[in-house]
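# Working through the structure, step by step
Listed here are the chains, written in short residue letters.
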Amino acid sequence: MKSNKIFISGDEAVAQGVKLSRPHVVAAYPITPQTITVERLSEMVEAGEMVAEYMHVESEHSAISATMGASAVGARTFTASSSQGLLYMAEGLHYCSGGRWPVVMMNANRSVALPWSIYGDQRDSLSLLDSGWIQVYVEDAQEALDMIIQAYKIAEHKDVLTPMMVNLDGFILTHTYELVEIPEQEMVDEFLPPFETPNKMSFENPKNLGFSSRPDDNTEFKYQQNEAMFNAIDVIHKTDEDFAAMFGRKYHGMVEEYMCEDAEVVLVALGSVCGTVRVVVDKLRAEGKKVGLLKIRYMRPFPVQEVKDLARRVKAMGVIDKDISFGYEGTVYTNVNSAISQIDKYVYKSNFVGGLGGRDITKAEIEDMYNKLYAGLENKSEETVEFFSLNVEGND
Amino acid sequence: MTKVLDIPKVNAKNMTEKEFFYGHKACAGCGGSIAVRLALKVLGERTYSALPAGCMSAVGFIYPQMAFNSNAIITTFPGSASMAAGIAAGAKALGQKDFKTVVFAGDGGTADIGFQALSGMIDRNDDVLYICYDNEAYMNTGIQKSGLTPYGTKTTTTPAGQNIPGTVTHKKNLFEIIAAHDIAYAATASIGYPQDFINKVNKAKHVKGASFIHVYASCPTGWGTPTETSVEIAKDAVDCGLIFLAEYEDGEYKLNRNPKEFKSVEEYLKKQGRFKHMSDADIQCVIENRDKKWERMRKNWL
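These figures come from a predicted structure and were not determined experimentally.

Helix and strand counts for chain A stand at 13 helices and 16 strands. Computed over the C-alpha atoms, the radius of gyration of chain A is 21 Å, within 12% of the 21 Å expected from 2.2 N^0.38 for a compact globule of 396 residues. Oriented by its inertia axes, the alpha-carbon framework of chain A measures out at about 70 × 55 × 45 Å. Expressed as a percentage of its 396 residues, the buried residues of chain A come to 54%. Intrachain contacts of chain A at a sequence separation of at least 6 include 80% that bridge at least 24 residues.

The structure is reproduced here in structure tokens:
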């Protein structure tokens, strides 16, 4: 296979993925750290490299409204946002999934005000888990590019027809440069055929869409929407396999296990921090400790089976959350814990909340998490939720 | 822009027999539904309609009973202009030709919550006709004050009592705010003057880019008027000068109707439950505001 690697940032990798996917309409509003993506897309349209209607919308709310409108006539669409902008879209996110419009969005994971912070954590997208979007979290720029292409294939599948959000950590991924393989356009065209949907307005077959439903019907619509999200699981696996066969890169579908075959103690994480965890796993493995990493790729649909399968095999699981559901625990932990509770076995669990507002999560901190998991397991402790490396005294 | 002379005239005689908004559950005498019905007859089959939350979407889209016989969609409340713009952009990108995208939004959906998206749509000059049917309050939720509710109006959020005489603000100058974007075509109309409204929709249909029509549409339920007087009262509003018929085209304002004498404002107000409580001083305030506006319009728009 001919190699075509270029040195680009995560934001630029997303733009490359979008161009290769040939959307008809791009509507986006700039927000740090997503901005470079929309700048590059604008340049591609200007240069004629990408044939698309680029809409300079006046807000994120209009970005999602415009992409839904375009999708409702059968166009392939793209939007991108982050943080406050994603929250400003919140109404539209629910609207879009309910309308079954397979819009694809890039979200640059960024903290949420107040206090203001342009830096990364995952509170923005995780607070919108219930909006009905497929959510995937990527670990590097290559995966970001590849997942944009896969996202269209998954979202537009006739059994899915659900919008999809590709999340990449603000700055750590959006602004970091990596060597990224750019797929050949002809191969992407073969992998991703034009968008076809029965769910559109047309002059041949006029439709009224975005309608109201009575209490008699509403539950059935929501049931179908939920079924479509479950249908996405098979489509995600098949798409990953097809992608690997064509482009030679495999991401293992819903989750990726790293050194979990014989692991006793594992950490569960999303996104870029997985790279750091891998390094720590390698170090501890060299010291003879049976540790592993479960990289959750999809938060919706949630990898229940994969989490249960791993929980049956290990003794302790820790979850790193770059978010907090105030008054409870990290959202990833809640989801993982719910899956673990479905098996009839004691697993020591702990939730590590941190990395908020852009604070780095270090190798030393991750090593400390593994040590705490071993200690908790030995003492048969109750599960714990802790903010790690806190600079202030907690309330005792 | 297509020359006005080249546009085939549409009137009651040659208008299509086809109905595009039919079987809906709007109140008897609903002015908004008259505006939608007439506009869709002028725009024809190759039309995408976008309607935000509001009366016309509430009465037209109850699954499985759909009242639009052409393509139509309910939009987010603040996003009707942007969703319509997306429809137009998507259809264009797919190579579709000879179609029109139209928004039908109420006064609140236009002058309040939908204004940002509307301003963006005009700024981008998206190929959309935006029609605001103005019944002067949030009627779908049960008569609450909007930015286009006129001075003195009693609504459920501006009750008239001993301390506050109903609505204490005047209507926003929506038409001029829209024109200030330097839009290709904007107009005001009233369902009381249907041929004038039809002509304006017909003209806007042939604009390539953004266009806007602000049509005055009575609401017997919210106004406290008999259902059979809806057209008459919408005509009275123009004849007494509280509503004006005008256009903005090629950077120029044009006053379409300049009556020598106005009909009585007091009579117009006293016919409606929403104004019944108004004192002589309140009515005087309405008249003074009208006269100031007309003085300015006559000076600058004739």
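All names here are of chain B. Of all 10 residues that make up helix α9 (residues 230-239), 7 are buried, and the element is covered over most of its length. Where α9 is buried, its residues contact α1 (31-43), β7 (185-190), β8 (211-216), α8 (220-223) and α10 (265-270). Directly beyond the C-terminal end of α9, a positive phi value near 85 degrees is found at Gly-241.

Residues and elements named next belong to chain B. Note that Val-286 resides in helix α11 (residues 280-301). For the pair Val-286 and Leu-269, spaced 17 residues apart in sequence, the C-alpha to C-alpha distance is 9.9 Å. If we skip the residues at most four places from it in the chain, Val-286 touches Tyr-151, Gly-152 and Val-265.

Before going further, it helps to spend a moment on the interface of chain A and chain B. Between chain A and chain B, the residue contacts involve 37 residues of the former and 36 residues of the latter. For the side of chain A that touches chain B, the elements supplying multiple residues, two or more each, are β2 (25-27), β3 (53-55), α3 (60-71), α5 (90-98) and β9 (208-209) of chain A. Among the elements that make up the side of chain A that touches chain B, the one with the highest residue count is α3(A) (8 residues). For the side of chain A that touches chain B, the per-class residue count stands at 17 nonpolar, 14 polar and 6 charged. Judged from the 2 bridges that link them, β9(A) and strand β4 (residues 71-74) of chain B form a sheet pairing that is parallel. When the sheet's bridge partners are listed, Leu209(A) is paired in β4(B) with Ile73(B).

Quick look at the domain arrangement of chain A now. Residues and elements named next belong to chain A. Domain boundaries in chain A define domain 1 (5-247) and domain 2 (255-387). One C-alpha centre belongs to domain 1, the other to domain 2, and the line joining them spans 28 Å. Taken residue by residue, the interface counts 27 residues in domain 1 and 18 residues in domain 2. Those elements that provide at least two residues to the side of domain 1 that touches domain 2 are α6 (123-126), β6 (134-137), β7 (164-169) and α9 (215-247). Tallied by class, residues from the side of domain 1 that touches domain 2 come to 16 nonpolar, 7 polar and 4 charged.

Let us look at the nonpolar core. By size, the foremost hydrophobic cluster in this structure holds 216 residues, and its most contacted members are Ala144(A), Ile148(A), Val166(A), Val266(A), Ile131(B) and Val215(B). Considering every element that reaches this core, the biggest residue donor is helix α7 (residues 141-155) of chain A, with 10 residues. Counting residues domain by domain, this core receives three or more from each of domain 1 (5-247) and domain 2 (255-387) of chain A. Leave out the neighbours within four places in its chain, and Ile148(A) touches Val14(A), Gly17(A), Val18(A), Ser21(A), Val104(A), Met106(A) and Val166(A).

Let us look at unusual backbone geometry. Residues and elements named next belong to chain A. For the bond from Thr-32 to Pro-33, the omega torsion is 5 degrees, close enough to zero to count as cis. With respect to the secondary-structure elements, Pro-33 resides in the loop between β2 and α2 (35-46). Cis geometry marks the peptide bond from Ala-113 to Leu-114; its omega dihedral reads -5 degrees. Here Leu-114 lies in the loop between β5 (104-109) and α6. The phi torsion at His-252 lies on the positive side, around 70 degrees, for a residue other than glycine.

Calculation notes
- Residues numbered from 1 in each chain as written.
- Chains lettered and ligands numbered in written order.
- Predicted model: local features only at pLDDT ≥ 70, side-chain atom pairs only at ≥ 80, totals over all residues.
- Helix = DSSP H or I, 4+ residues; strand = E, 2+ residues; numbered from the N terminus.
- Rg over C-alpha atoms; globule rule 2.2 N^0.38 Å.
- Buried ≥ 20, exposed ≤ 12 C-beta atoms within 10 Å, placed from the backbone.
- Contact = placed C-beta atoms within 7 Å.
- Nonpolar A, V, L, I, M, F, W, Y, C, P; charged D, E, K, R; others polar.
- Pairing = 2+ DSSP bridges.
- Domains from an automatic or database assignment.
- Core = buried A, V, L, I, M, F, W, Y, C linked by C-beta atoms within 7 Å.

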